[in-house]
Amino acid sequence: MDDLYCARCGKQIIDGWVSKSGYCHPCASEIRAQREIEANQKEAHKKQMLKKYWWVILLVGITLLNSFIALTMPRTPDTLLDANGKLTTEGEIWFSIIAENAVKDGLKAPKTAEFDHGDDHYYVYSKVDTYGYSGTVTAENSFGVPLTGEYYVIFRCWGLEPDQYEIISVEIAD
Ligand SMILES: [Zn+2]
């Protein structure tokens, strides 16, 4: 039998044992120990990163959860309001369409109606799901004379589907 030599340290193998890679016993143990240390270091590094960036993971988790909820939950009119309770741009469009359609229904010449789109048309009622929207409208009367008046529309709105609102009252003051 030929003499065997370790592929790592080059020493002669005396106990007849060689690793798969051709290393002697001491070399194989040394490499194993080294790998264990490296694995421990990697694990420690992972833990350290987790400690440092747990909030990123949390943030991503919350964001994903929020988008999931947003996708699965039916939207309510509350989402048309911002943090200060003011109408968002989408809310402004939504509420003005509801209010202006209601106003047109009460006009003699709805096709001549022109609405102003200034600020602060909107007000909230204490009643659940009830909103108010006001503004100025100019439209011709039955004699073809254009008149300008303030309108006040109160409506209940409980969802963001076209049929999820009902008009409670419409007032047009000359
Ligand atoms: Zn060796």
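The structure presented is a predicted model; accordingly, all values stated were derived computationally and were not measured.

(A) Structural detail: the pairing of strand β4 (residues 146-157). Sheet topology note: the strand β3 (residues 130-140)/β4 ladder contains 11 bridges and is antiparallel. Note that in β4 the partner of Val 137 across the bridge is Gly 149. Joining the antiparallel neighbours β3 and β4 is a turn of 5 residues, in which Gly 144 adopts a positive phi near 75°.

(B) Expanded view of the domain arrangement of the protein chain. Along its sequence, the protein chain is organised into domain 1 (4-70) and domain 2 (89-172). Placing the centre of domain 1 and that of domain 2 at their C-alpha centroids yields a distance of 68 Å.

(C) Local environment of the environment of Glu 150. Within the secondary structure layout, Glu 150 lies in strand β4. Taking the number of C-beta atoms within 10 Å as the measure of exposure, Glu 150 has 13 and is therefore partly exposed. Residues Glu 150 and Thr 138, spaced 12 residues apart in sequence, show a C-alpha to C-alpha distance of 8.8 Å.

(D) Spatial organisation of the nonpolar core. Among the nonpolar cores identified, the biggest contains 14 residues, and Phe 95, Ala 99, Val 103, Tyr 122, Tyr 131, Tyr 133 and Val 153 are the most heavily contacted of them. Listing elements by their share of this core, those giving two or more residues are α2 (89-105), β3 and β4. Looking at this core, the element that brings in the most residues is β3, giving 4 residues. Discounting chain neighbours no more than four positions away, the residues touching Tyr 122 are Leu 87, Phe 95, Tyr 131, Gly 132 and Tyr 133.

(E) Representation of the pairing of β3 in the model. Sheet topology note: the strand β1 (residues 114-115)/β3 ladder contains 2 bridges and is antiparallel. Pairing of Phe 115 across the sheet is with Val 137, part of β3. By the bridge criterion, 3 bridges tie strand β2 (residues 122-124) to β3 in an arrangement that is antiparallel. Following the sheet pairing, Val 124 is matched in β3 by Tyr 131.

(F) Representation of helix α1 (residues 25-72) in the model. If you check α1, its first and last C-alpha atoms are just 62 Å apart, much less than what 48 residues at 1.5 Å a residue would give, namely 70 Å. Considering bend angle alone, the principal kink of α1 is centred on Tyr 53 and spans about 65°. Where burial is concerned, little of α1 is hidden: 1 out of the 48 residues are buried.

(G) Summary view of α2. Over its 17 residues, α2 extends 24 Å from the first C-alpha to the last, a length consistent with the 24 Å expected when each residue adds 1.5 Å. On its buried face, α2 sits against β2, β3, β4 and β5 (165-173).

(H) Here's a closer look at the environment of Ile 62. With respect to the element layout, Ile 62 can be found in helix α1. When the C-alpha positions of Ile 62 and Arg 32 are compared, they lie 42 Å apart, and in sequence the two are 30 residues distant.

(I) Summary view of the environment of Tyr 165. Along the chain, Tyr 165 falls in strand β5. Exposure remark for Tyr 165: the 21 C-beta atoms within 10 Å place this residue in the buried category. It is 28 Å that separates the C-alpha atoms of Tyr 165 and Glu 140, two residues lying 25 residues apart in sequence. Not counting residues up to four positions away in its chain, the partners in contact with Tyr 165 are Ile 98, Phe 155, Arg 156 and Cys 157.

Thresholds applied
Per chain, the residues get numbers from 1 upward, laid out in the order the sequence is written. Reporting in this predicted model follows two pLDDT cut-offs: at least 70 for local features of residues, and 80 or more for side-chain atom pairs to be given and counted; totals over whole chains, interfaces and linings ignore these cut-offs and use all residues. Here a strand pair is declared whenever DSSP counts at least two bridges between the two strands. Strands are runs of DSSP state E lasting at least two residues, helices are runs of H or I lasting at least four, and both sets are numbered from the N terminus onward. Annotation comment: domain bounds sourced from an automatic or database domain assignment. Here exposure depends only on C-beta density: within 10 Å of a residue's C-beta, 20 or more other C-beta atoms make it buried, 12 or fewer make it exposed, and intermediate numbers make it partly exposed, the C-beta atoms being placed from the backbone. For this entry, the nonpolar core is defined as buried Ala, Val, Leu, Ile, Met, Phe, Trp, Tyr and Cys residues connected by C-beta atoms within 7 Å. Think of it this way: build a C-beta for each residue from its backbone, and any pair within 7 Å is a contact. By this rule, a helix spans an expected 1.5 Å times one less than how many residues it contains. To obtain the bend at a residue, axes are fitted to the seven residues ending there and to the seven starting there, and the angle between these axes is taken.

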